[in-house]
Every structure is written in structure tokens, then in C-alpha cells.
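Descriptive analysis of the structure
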Amino acid sequence: MPNVAVIGAQWGDEGKGKVVDWLASRADVVVRFQGGHNAGHTLVVGNQTYKLSLLPSGLVRGKLGVIGNGVVIDPVALLAEMDRVRAQGLDVTPDNLRIAENAILILPVHGALDRAREAARGDRKIGTTGRGIGPAYEDKVARRAIRVCDLAEPDVLSDKLDELLLHHNTLLTGLGAQPAQKQELLDLLLGLAPRLLPHVEAVWERLDEARRAGRRILFEGAQAVMLDVDHGTYPFVTSSNTIAATAAAGSGIGPAVIGFVLGIAKAYSTRVGAGPFPTELHDETGRQLGTRGHEFGTVTGRPRRCGWFDAALVRQAVKVGGIQGLALTKLDVLDGMAELKIGVGYEINGKRLNHLPAGQAAQAAAKPIYETIEGWAGSTRGARSWAALPAQAIKYVRRVEELVETPVTLLSTSPERDDTILMRDPFES
Ligand code: GDP
Ligand code: IMO
Ligand code: MG
């Protein structure tokens, strides 16, 4: 099976965009299957930097991009992103971007509800991106969501908006926020429809054709396993399943079509937003990682919390996420650090555990157990071959492999597209 799924193995921002862009040169189709414009994927190609949220990263390589049914689409944000990348010289047309007719739309009421709820939570807030992701997925399972296909059926759209607003305006009013006006929403959606509908189709059929023709499909995950709504640090998670299995349900293909699952992990850890983070560093080392790694959220600009690599957590992400090979990114950020630590398990209320249990209090109480490993004096920055790496950096990678019980099949040594070392081609696995 020549296909590959790429998913995050920590709390997001591991460098999925860079890796997907790099792998896209070997693929024919790139598919987004969950999440929405809470994602921010950065691609550095020469002197151009692309920041993509909804558009599949393969578009930059001139490949067919597909937005699957599992994605929640803010149509205003999508059209703005299309205009933004067009201004950077990329062509986005109905020929290279296809959108699932059964994907869910994010409306302005979803963002308003997301933000009003966060404000009401006060210091118990999740730290969402405020973009309406959670409320839109709630509407989907509650069977009142507006879908992309509704843009072509104005009467259905109008009726569905009545039902949706009955629910949302009650909530918004209760939270002290402005209720939404139906006519305004209807006008907005029907106004955007002519620009979106030429991209819309039954993408499951196109993907099935691609599969039968032996085309290589690359599934681009957003967020990461520890933000998965089932397997992550709930409730401090996003509202979709981020594990590889979602690539099937979120694009309309069978699980056997997914192929090789590549997990992306940073050589240390970061997290944006609230929630447990056992190996977080509040000291100078944490600040150093943040500065050297330019750890600011791609979407919200918030500083990312930083800490040591947590092998126990990534090992858990590997198991539940279905990860078969690991791409380790940002190794260069560790250059020159005298001593490195790797989390190998937790002490929770006096008991040793090798995984993070589900309980919220237990997760908050988890203290990391560390293994110390010598750093390296030389540079890994920009290395494109295994031979160019300092011996101690190779030792670090080998130790990570052992602890997470998964081979490191790809290394990334700078933001730049080609500063990548391939150990095993995931499309040949
Ligand atoms: P994503 O959400 O997983 O696609 O990751 P983001 O793009 O949000 O964040 C990753 C950041 O790290 C981006 O600014 C990338 O340009 C950058 N990056 C990716 N790989 C590397 C690497 O190997 N080294 C360094 N220094 N930066 C990297
Ligand atoms: P990429 O694809 C990092 C986090 C938010 C918050 C939580 C819930 O770039 O890795 P949401 O708006 O989804 O309801 O917020 O999830 N979050 C991300 N963190 N990278 C992302 O995407 C994220 N998408 C959501 O910060 O903690
Ligand atoms: Mg990101």
C-alpha cells in the first residue's frame, strides 16, 4: 500500500507542515481529514514562508489537495487563506483543491460561542484558539450542523439555520453575548457559495479512483495525539480525533488504505493552551528552548510552553495513534546544550507509572522521572545526512527510538524544506 498518514505525536506544532511538504514531492494527492483553522502548518521554501491552516500542505508542491469530510471549514477563513497564498504566487483552483460535500461549516456563531465559553470558564479555561472548532463539532454530532452541500440548497439551508440559531442564540444570550441574525448569516453563506461550490464534490469517489489507479495519497493530520478528544489530556484537548484511524473516517476511505503511519515529534516538548504538561520547564532552560525554537503559536501568536522530550508520553501516542515510524524534528534546537533530559515515566502520588493515566487530578499531579543524557557541542543545524551529525546527537536519537519503541525514520534539522534526513521512505514501507 503506497499511502502515508502523518500525525502529531505530542501536543501539536511538531513540524507536520514541513514534513508533509517534504513528503508531498513523493505523493500525488494530499488530504486533510480532521481539525480546522485551529491548525497552523508552516512551510519554509527558499525565501517564502507559507502558513497554512485549512489548505492541504501539498498544494505548495503543485499536488492535488483534498479537504475531507472530517474537517470543519470556516468558509470565510478558507477563502481568505486562498487569497493569501495566491498573493504568494500559488495557484488555487477547482482543479487542485477539492472539498468534501459532506464537510461541516464553522459559522461566526461558533467562534462567538467558543470565546464566550472560554471567558465564562475564567481560570479554568482550555485555552482554545477561539475559532469555533469545538462548537462546530458539537453541532455535527447533534445533527444540526450546516454542511458544505447545504450551500447548493438554499431552502434547506434556510430551514437548518432556524434550528441551529434556536440552539445557539439561547446559549449566546445566556452567556451575555450577542445573538446572531438569521438573515445576515444566510446572506453571508449564499454570498460565499459561488466561490466555494466549484471545488465541492464527493471526494470519497475521487480518492477511491486515485487508490485504484495506484496514486500515492498522503493524509495530513492536524493537532496531535495528546490533543485527541478520546486519547488526549481531556478536557484540555481539541474536539476531534487526531489519531491515524481518523484518516479513514475523515476522508471516506477504508482503514486499509491509510498505509504507513508516520508520527511527528519534536526533540523536546511544547504545548499551547492550558492542560497538563509533566516535563514543562519554568526555568532558564525552558526559556532557552522557546527562544531558540521560535516557539510562538502559528495561529494565535501565543508563546508555547516548553519542556524536555517526554518519551513516556510519545510512547503512549505511538500506541494509541497507530504510529509505525517517527519523524524527529527540531533536533538543531538542542545544539550546544551541555546536558539533556528525557522523561521516561511518572511519579503520581507516590506511585511509579510508565504512562499518563486518564484521571484529570492524576495527570495534573504527574511528576516526570528523568534520564539524563550528555548533549553535543557540534551543530546539527541544516544537516542532510546521518554522517553530518555529531556522535552524541546520534546517541540521543537512538535513545529516543529505544524508549518510544519505534524507529526514527526521518530527522528534521531546520525549518527549511530540504534540511531533512531520510532513513526510510515511508512510501516504501
Ligand atoms: P505543525 O503545526 O506541526 O505543522 O508545526 P508548526 O508549523 O505550527 O510549528 C513548527 C515550527 O517549527 C515552524 O515554525 C517550522 O518552520 C519550524 N520547524 C519545523 N521543523 C524544524 C526543524 O527541524 N528545526 C527548526 N529549528 N525548526 C523547525
Ligand atoms: P497544529 O495542527 C497546537 C490546542 C489549543 C487548545 C486546544 C483546544 O498546528 O499542530 P481548539 O481551538 O482546537 O478547540 O483548542 O487545542 N490546539 C493546538 N495546539 N497546534 C495545533 O494545531 C492546535 N490546534 C488546537 O491551543 O489548547
Ligand atoms: Mg502548528
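Bear in mind that the values here come from a model prediction, so they are computed numbers and not experimental data.

1. Concerning the site of ligand 1
Neighbouring ligand 1 are 19 residues, the closest being Lys16, Gly40, Thr42, Asp332 and Ser412. At 2.9 Å, a backbone N or O of glycine 15 approaches an oxygen atom of ligand 1. Within the side chain of serine 412, a nitrogen or oxygen atom sits 2.5 Å from an oxygen atom of ligand 1. Contact with the protein chains covers 93% of the free accessible surface of ligand 1, which is 580 Å². In terms of residue count, the dominant contributor to the shell around ligand 1 is helix H1 (residues 16–24) (three residues).

2. A word on the pairing of strand E1 (residues 4–8)
Across the five residues of E1, five count as buried, placing the element largely inside the fold. The two faces of E1 match: Val4, Val6 and Gly8 on one face and Ala5 and Ile7 on the other face are all buried. Here E1 pairs with strand E11 (residues 260–266) via five bridges, running parallel. Counterpart to glycine 8 in the pairing with E11 is isoleucine 264.

3. Here's the deal with the packing of aromatic side chains
Taken as a whole, this structure holds two aromatic pairs when the rule is applied. Measuring from ring centre to ring centre gives 5.0 Å for tryptophan 11 and phenylalanine 277, while their planes differ by 50 degrees; the resulting arrangement is tilted. In this pair, tryptophan 11 is assigned in the loop between E1 and H1 and phenylalanine 277 in the loop between strand E12 (269–271) and helix H9 (284–292), connecting sequence segments 266 residues apart. Both residues of the pair, tryptophan 11 and phenylalanine 277, belong to the buried class.

4. Topic: the coordination of the magnesium ion (ligand 3)
With distances of 2.0 to 2.2 Å, the protein atoms coordinating the magnesium ion (ligand 3) are Asp13 (OD) and Gly40 (O). Pair noted here: aspartate 13 is in the loop between E1 and H1 and glycine 40 is in the loop between strand E2 (29–32) and strand E3 (41–45), with a separation of 27 residues, a long-range link. Overall, the relative accessible area of 22% leaves aspartate 13 in the partly exposed class. Its relative accessible area of 12% is what places glycine 40 among the buried residues.

5. Things to note about the sheet that holds strand E19 (residues 408–412)
What the ten strands build is an open sheet, ordered E9-E7-E5-E2-E10-E1-E11-E15-E19-E20; its pairing is mixed. Strands at the two margins of the open sheet, each flanked by one partner only, are strand E9 (200–201) and strand E20 (420–422). In the sheet, E11 pairs with strand E15 (residues 325–329) via five bridges, with the strands oriented parallel. Among the inter-strand pairings, lysine 266 is bridged to a residue of E15, identified as threonine 329.

Criteria and thresholds
- Residues numbered from 1 in each chain as written.
- Chains lettered and ligands numbered in written order.
- Predicted model: local features only at pLDDT ≥ 70, side-chain atom pairs only at ≥ 80, totals over all residues.
- Heavy atoms only, no water.
- Near = heavy atom within 4 Å.
- Polar contact = N/O pair within 3.5 Å; in protein donor to acceptor, adjacent residues only side chain to side chain.
- Areas by Shrake-Rupley, 256 points an atom, 1.4 Å probe, with all protein chains shown as cover.
- Helix = DSSP H or I, 4+ residues; strand = E, 2+ residues; numbered from the N terminus.
- Buried < 20%, exposed > 50% of the residue type's maximum accessible area, 1.4 Å probe, protein only.
- Pairing = 2+ DSSP bridges.
- Phe/Tyr/Trp six-rings, centres within 6.5 Å; stacked < 30°, edge-to-face > 60°.
- Donors = N, O, S within 2.8 Å, 3.2 Å for Na, K, Ca; no water.

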